[in-house]
Amino acid sequence: MILVTGGAGFIGANFVLDWLASQDEAVLNLDKLTYAGNLENLASLEGDARHVFVQGDICDRALVDGLLARYKPRALVHFAAESHVDRSIHGPGEFMRTNVEGTFSLLEAARNHWSALPAGEKDSFRFHHVSTDEVYGSLSPEAAPFSEVHPYEPNSPYSASKAASDHLVRAWHHTYGLPVTTSNCSNNYGPYHFPEKLIPLVIVNALAGKPLPIYGDGQQIRDWLYVGDHCAAIRRILEVGRLGETYNVGGWNEMANLDIVRQVCVLLDELRPRADGQSYFTQITHVTDRPGHDRRYAIDARKIERELGWRPAETFATGIRKTVAWYLDNQDWVAHVQSGAYREWVSRNYEARA
Ligand code: NAD
Ligand code: TYD
């Protein structure tokens, strides 16, 4: 089996669902179930013996040691993290604990387990670390996209904590020989995306008749990748990725935030027109910018294509249509995640913005 951390979150849950849909190898899923973890994402696996869920913290060394000894996974795929930049600005402590200390603790547990394995199993063991393009910092409009050798220049507490975790993973390979790979991916979107992030927030707010908040001028650029394509890239790296290497994963799809929001509005106007006949565009509102807001991210994904033969299958047009349709078909899921804690976050993040 494989051990997945953070498999009840957005990308982790998509990864577990895709994994079990395409093969029979079991998944041990370790997740703390923070506000971002949701077992409803995995409801379709209920009664499936190939999925073992354990609620727990990656920082709990005794728990992780016990799981490794009991289940002997052949690989570990590490998604668990605090993942939202705005939350890291309001409260960076949890980001340092989970993203930095948690990754350190997991690396030590994996090293302890791996070093005692018999030779054959030792050679095939893998630790895959899931990271972000945000570790590279911000690009000027004319700069080339981030390649794997771009200097690390993280600007937010979130990206600094992910950069630190990437460095730990690298060091555990170079110093101890732990068989690691790392991927640095651009912004994902798709089903089960928690509605604190731009795309699901805009869909949910639009349908509720609420403002669609654009930070600053809305001309900040991100590269967007459909989550299923990210999961396929990670599977490919696990299969044939070279040890100690990092792979940049992206959708070749740079877009300004305002254009993303407009595209979501166009789809909603088509699929769920407003009762008053007006466009969802009328709900777009500019609000105070995020402090230290990175202006542009872009990914050069040629290495993973050249070496591992991976390319995204979805275009933004196909992926965003599927995503909007999923939210329209899963209004119960949306209603359940909009708990008291979610409402508190929304008022904390948006009420102070002009
Ligand atoms: P998410 O916030 O939706 O999910 C994180 C999951 O980790 C949740 O299920 C949460 O309960 C769990 N978790 C948090 N702290 C934990 C702890 N201490 N112990 C165990 N579990 C814990 O995040 P996501 O968007 O699915 O991102 C997953 C990974 O991918 C993260 O490492 C993130 O940095 C990386 N990533 C995300 C994106 C993106 O666009 N979302 C892009 C590139 C990389
Ligand atoms: P987000 O989805 O939080 O991802 P990240 O910060 O990791 O890129 O934000 C994507 C972009 O959208 C980012 O430039 C910030 C912007 N944004 C808004 O304009 N309004 C919002 O309400 C949110 C949540 C994000």
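Up top you'll find the structure we're talking about.
All values derive from a computational prediction rather than experimental measurement. (Residues numbered from 1 in each chain as written. Chains lettered and ligands numbered in written order. Predicted model: local features only at pLDDT ≥ 70, side-chain atom pairs only at ≥ 80, totals over all residues. Heavy atoms only, no water.)

Undergrad: How should I be thinking about the overall build of the chain in this particular structure?
TA: If you tally the helices and strands in the chain, you get 13 helices and twelve strands. Along the first, second and third principal axes, the C-alpha atoms of the chain reach 65 × 50 × 40 Å. Sorting the 354 residues of the chain into buried and exposed places 54% on the buried side. If you take every contact in the chain between residues at least 6 apart in sequence, the share linking residues at least 24 apart comes to 81%. In the structure as shown, the chain presents an accessible area of about 14,500 Å², 52% of it carried by carbon and sulfur atoms. Each charge sign in the chain was given a centre, from 34 positive and 44 negative side chains, and these centres are 2 Å apart. (Helix = DSSP H or I, 4+ residues; strand = E, 2+ residues; numbered from the N terminus. Buried < 20%, exposed > 50% of the residue type's maximum accessible area, 1.4 Å probe, protein only. Contact = heavy atoms within 4.5 Å. Areas by Shrake-Rupley, 256 points an atom, 1.4 Å probe, with all protein chains shown as cover. Lys, Arg positive; Asp, Glu negative; His and termini not counted. Charge placed at Lys NZ, Arg CZ, Asp CG, Glu CD.)

Undergrad: Would you mind showing me how to read the pattern of salt bridges here?
TA: A side chain with one charge can pair with a side chain of the opposite charge if their charged atoms come near. Applying the stated criterion across every chain, the model contains 25 salt bridges. A salt bridge links Arg 290 to Asp 86, with the shortest nitrogen-to-oxygen separation between them at 2.7 Å. Here Asp 86 lies in helix H3 (residues 85-90) and Arg 290 lies in the loop between strand S12 (284-287) and helix H10 (302-308), a separation of 204 residues in the sequence. Taken as a pair, Arg 290 and Asp 86 share a single burial class, namely buried. (Salt bridge = Lys/Arg side-chain N within 4 Å of Asp/Glu carboxyl O.)

Undergrad: Is there a simple way to think about the pairing of strand S8 (residues 212-215) in this case?
TA: Consecutive side chains along a regular strand alternate between the two faces of the sheet. Every second residue of S8 is oriented toward a common face, with Leu 212 and Ile 214 on one face and Pro 213 and Tyr 215 on the other, all of them buried. Of the strand pairs in this sheet, S8 and S12 are connected by four bridges, and their pairing is parallel. Each residue of the ladder has a partner; that of Tyr 215, found in S12, is Val 287. (Pairing = 2+ DSSP bridges.)

Undergrad: What am I meant to see in the pairing of strand S4 (residues 75-78) here?
TA: Residue alternation in S4 divides its side chains into two sets, Ala 75 and Val 77 and Leu 76 and His 78, and both sets are buried. Where strand S1 (residues 2-5) lies against S4, four bridges are found, and the strand directions are parallel. Note that in S4 the partner of Val 4 across the bridge is Val 77. In the sheet, S4 pairs with strand S5 (residues 126-132) via four bridges, with the strands oriented parallel. Following the sheet pairing, Leu 76 is matched in S5 by Phe 127.

Undergrad: Could you clarify how one ought to interpret the nonpolar core in this entry?
TA: Proteins that are soluble and globular tend to have nonpolar side chains buried together. Ile 2, Val 4, Phe 15, Val 77, Ile 199, Phe 316 and Ile 320 are the most contacted members of the largest nonpolar core, which totals 56 residues. In terms of nonpolar packing, the next biggest core, distinct from the first, is built from 22 residues, Val 64, Ala 80, Leu 106 and Val 180 among them. (Core = buried A, V, L, I, M, F, W, Y, C linked by side-chain atoms within 4.5 Å.)

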